[in-house]
Amino acid sequence: MTLLQAVRQEAQFVAMEIRVRGRVQGVGFRPTVWRIARELGLAGEVLNDCEGVLARVGGSPGAVEDFIARLEREPPPLARIDEIEVRAFDGALPSEFRIAESLAGDAHTEVAPDAAICAACAQEIVDPFQRRFRYPFANCTHCGPRLSIVKGIPYDRANTTMSPFAMCEACEGEYRNPADRRFHAEAIACHVCGPRARLIRLDGRATSFDRHSTLDEVDAVRGLITKGEIVAIKGLGGFHLACDATNAEVVARLRRLKRRDAKPFALMARDLDVIRRYCTVGAEEERTLVSAAAPIVLLAADKAERLPDEVAPGLATLGFMLPTTPLHLLILARMEPVVMTSGNVSEEPQVIDDDAARARLGEIATYALMHDRKIANRVDDSVARVMAGRARILRRARGFAPAPIALPPGFENSPELLAMGGELKATFCLVKDGEAILSQHQGDLENVETFDDYRKNLALYAELFHHAPRALVADRHPEYLSAKLAREWAQAQPLPLIDAQHHHAHVAACLAENNIPLDAPPALGIVLDGLGWGDDGTVWGGEFLLADYRHFERLGAFKPVAMPGGAQAVREPWRNLYAHLMAEMGWAEFSMNFAELELFADLLRRPRATLDAMVRAGVNSPKASSCGRLFDAVAAALNLCRERQAYEGEAAARLEAIVDLDAMSRDDEESAYPFAIPNLRDTCLLHIEPLAMWRALLGDLVLKTPAPLMAARFHKGLAKIIVAMTRKLAHREDGGGARFDTIALSGGCFQNRILFEEIVRLLEQDNFTVLSHAQVPANDAGLALGQAAIGAAHLIDGGAKNRYAGRTKG
Ligand SMILES: [Zn+2]
Ligand SMILES: [Zn+2]
């Protein structure tokens, strides 16, 4: 503004060129500029170009100053201003302010994330005097579908699934009027010209609901749900299956038919008041629920009013979201909370196609609320949880993708590259113009349809973002389908392939999202997850890595324990429990001291000889230094989830759910199980040794200590030893200063709120700077971002052609 003030001294008329960067395209930014400029009586124009929005304004110095201040103060709801640059302009200006055509052929409007219905549209659909009264597909520049309907670029109606709907005269008028909220809203529609909802029976029979008793098809859905039916609903980014969440019988039926034994169902409630009957909603949780992204938010279900246990078996949290579209808002009006779970069978991806819905969902739901706007791209509901005071995204899809994430200082000139992500909860990540574009959650690639979808999305993103990678980055795991595909492509193109170690990528993702510069000193990455390919031929999953974007050094780990049966040991927690007890105390000590336990009787009848032989011979029994597997073993010992995990992380989630919070807040010696930190004999690597914990825990079982107290002791002990390990590693052996002062926390185990908050609290008590995930998941969905940063660092250094080499100590 100094330039402006200087000019102000000498002129009555100034002309300025104002460049705005950030998320400013496809979100109604130009009309906002137009409106403000007109209100202030400025001359000039505004346009989109490849850098964002460019405004040229002329008027009195005071008015121009006001203009800039108001742009900063009142951007449209979906916009995000990263930077405003002002310079003098000496060209000609149109005297009447106008919206100009976009500059240059390659300028295109960015695809924004889908956004939940805005307050203005929500008001219109309940107002009988508005022409969109009760219209299920109302939207405007501030809300509605984006990524879920786009088929190509540029982002305009012709390239979306709205193309078959010719605008009526009234809609066209709004679309062309810069003063209207729907100026250039590509998905604009109304009763006359837009998509319609219709209720069908999935078994092919004619619908027989009583039309006289209902206002319309959307009302009929409400009636059906209330009567105990399961209804398939075609939503924004996919089909949902909906039923009355207060009706235990129908929720159990949905579980049976969907073949989903235990994974919690998402819920939708008409407003915050309904949610508050079941859950505590803090300020940050409320802010997240009502945001334009409107994710599912995991909330403590600690109120007197309860939903049936079938909704989220064995958990103390419920995942609620608010209505995301007018369709959902109309259905939910005056209703009790409904289960709103993804429309699929078991582990398949969410159905997006009408025919697939008939074929796949017909056995689950008799009725389906369909509509004739196609879903171009599957975009699942996002999931968030507030931990340590901030909302953390656990699943990043609807409402967040494909918004770019700025890369930290030092990455500005990275060549374009593509990081292929992991295997479970897969995503991929494009690097372009100093930004990372992380795809929406794709799911588990071992599912054939998910992998097809992943490949389709790779092609879509390449087109949407004009992306031509100069290199590929993949995980080092030989069997990950994403890594195999990367190797295929790298060979066929050909392109250099950079491989990133799994846990190094986790740390890099955490550094990148916290804007840690490329050349910053290394931080200690504490990565706690299930399994990832280690650099020493074993499986890693509880790692202490001194790392920057370029290198890492493995300083410590959890004690490696065999997983008898490999993948089977992941599904069946008792196998991990047995392997842990044998690795620690052996059968002799266990049977001598703990023969009275139910656990002893249980393990006695298992095929121990076979497992022992497998572990001894190293057959299908990889050693894993995994924190996730330790959680499984402890949950199995407490008999919370011993036979089989119905979903990844179930055992750990159940263990977290029962923690005695009072015990957790105490700080005496009794309150935590003991662990030790010896050196691993063969590698000299410091490791977390759980033998003392197991003795104490089994002793507690003998004493019939309440399980919630034991769960608290385990969480507390684990947090304490992790921080003790950190302190030990920070201390230089040569007596110099601390080796690091920044800690980056990553890995799926940090979705455990109790473990995460306790570790953060203890580390901050020790004056460490703690970095953690918020906009990118801590789990494997964040891997692609870390891979992208590692790959970019490598290319910026102009490094060797093919291989990125990390170091492993010992
Ligand atoms: Zn709207
Ligand atoms: Zn219309």
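For clarity, every value in this text was computed on a predicted model and none was experimentally measured. (Residues numbered from 1 in each chain as written. Chains lettered and ligands numbered in written order. Predicted model: local features only at pLDDT ≥ 70, side-chain atom pairs only at ≥ 80, totals over all residues. Heavy atoms only, no water.)

Quick word on the coordination of the zinc ion (ligand 2)
Right, so step 1: Protein coordination at the zinc ion (ligand 2): the donors are C168 (SG), C171 (SG), C190 (SG) and C193 (SG), at 2.2 to 2.3 Å from the metal.
Right, so step 2: Each of the four donor atoms bound to the zinc ion (ligand 2) contributes to angles spanning 103 to 116°, and the resulting shape is tetrahedral.
Right, so step 3: Within one chain, the residues donating to the zinc ion (ligand 2) are spaced in sequence as C-x2-C-x18-C-x2-C. Across the pair, C171 and C168 agree in class, each one buried. (Donors = N, O, S within 2.8 Å, 3.2 Å for Na, K, Ca; no water. Tetrahedral: all angles 85-135°; square planar, octahedral: opposite > 155°, others 65-115°. Buried < 20%, exposed > 50% of the residue type's maximum accessible area, 1.4 Å probe, protein only.)

Some words on the sheet that holds strand 16 (residues 405–406)
Sheets are built from strands paired through backbone hydrogen bonds, the pairs being either parallel or antiparallel.
Right, so step 1: Read from one edge of the open sheet, six strands run 16-19-18-17-20-21, paired in mixed fashion. Two strands in the sheet have a free side with no partner beyond their single neighbour: strand 16 and strand 21 (497–500).
Right, so step 2: Bridge count for strand 16 against strand 19 (residues 435–438) is two bridges, and the pairing is antiparallel. Of the residues in strand 19, the one forming a bridge with I405 is A436. (Pairing = 2+ DSSP bridges. Helix = DSSP H or I, 4+ residues; strand = E, 2+ residues; numbered from the N terminus.)

Describing the coordination of the zinc ion (ligand 1)
Right, so step 1: Protein coordination of the zinc ion (ligand 1) is provided by C118 (SG), C121 (SG), C140 (SG) and C143 (SG), with donor distances spanning 2.3 Å.
Right, so step 2: Coordination geometry of the zinc ion (ligand 1): the four donor atoms subtend angles of 104 to 117° at the metal centre, consistent with an arrangement described as tetrahedral.
Right, so step 3: Residue class for C118 comes out buried when judged on its relative accessible area of 13%.

Thoughts on the sheet that holds strand 15 (residues 390–395)
Right, so step 1: Read across the sheet, ten strands follow the order 6-13-7-8-12-9-11-10-14-15 without closing on themselves; strand pairing throughout is mixed. Strand pairing shows two members of the sheet lacking a second neighbour, strand 6 (197–201) and strand 15, which therefore form its edges. Here the average twist between neighbouring strands, direction ignored, is 35°.
Right, so step 2: Relative to strand 13 (residues 367–371), strand 7 (residues 231–234) is paired through three bridges, and the arrangement is parallel. By the bridge assignment, V231 is partnered in strand 13 with Y367.
Right, so step 3: Docked against the sheet, helix 6 (residues 217–226) engages strand 6, strand 7, strand 8 (239–244), strand 12 (338–342) and strand 13, running at close to 45° with respect to strand 6. (Axes fitted to C-alpha atoms, helices over the stretch in contact; angles between N-to-C directions. Contact = heavy atoms within 4.5 Å.)

Focus: the confidence of the model for the chain
Right, so step 1: Confidence in the prediction for the chain averages 92 pLDDT; 95% of positions are at 70 or higher.
Right, so step 2: Here residues 800–810 is modelled with pLDDT under 50, and outside its nearest four sequence neighbours on either side it reaches 30 contacts, counting other chains as well. (pLDDT = per-residue confidence, 0-100.)

Topic: the packing of helix 20 (residues 627–637) against helix 23 (residues 691–702)
Right, so step 1: As a packed pair, helix 20 and helix 23 sit with axes 11 Å apart at the nearest point and diverge in direction by 20°. One element, helix 20, and the other, helix 23, form an angle in the roughly parallel class. When the axes of helix 20 and helix 23 are compared, the crossing they make is right-handed. Across the interface between the two elements, L630, A633, V634 and A637 from helix 20 touch M693, W694, L697 and L701 from helix 23.
Right, so step 2: In the contact of helix 20 with helix 23, the residues fall into eight nonpolar, no polar and no charged. (Parallel < 35°, antiparallel > 145°, perpendicular 65-115°, else oblique. Left-handed = near helix turned anticlockwise from the far one by under 90°. Nonpolar A, V, L, I, M, F, W, Y, C, P; charged D, E, K, R; others polar.)

Thoughts on the side chain of E650
Right, so step 1: With respect to the helices, strands and loops of the structure, E650 is situated in helix 21 (residues 650–657).
Right, so step 2: What E650 contacts, discounting residues up to four positions off in sequence, is A262, C641, R644 and Q645.

Remarks on the packing of aromatic side chains
Right, so step 1: Tallying each qualifying case throughout the model produces 17 aromatic pairs.
Right, so step 2: Each ring, one from Y461 and one from F465, has its centre 5.8 Å from the other, and the planes form 35°; the classification is tilted.
Right, so step 3: Its relative accessible area of 0% is what places Y461 among the buried residues.
Right, so step 4: On the accessibility criterion, F465 (9% relative accessible area) is buried.
Right, so step 5: An aromatic cluster of three or more residues is present, and its members are F428, F451, Y454, Y461 and F465.
Right, so step 6: Geometry around W540 places R554 over its ring, the cationic atom sitting 3.9 Å from the centre.
Right, so step 7: The residue whose ring lies beneath R606 is W574, and the NZ or CZ to ring-centre distance is 4.4 Å. (Phe/Tyr/Trp six-rings, centres within 6.5 Å; stacked < 30°, edge-to-face > 60°. Lys NZ or Arg CZ within 6 Å of the ring centre and 35° of its normal.)

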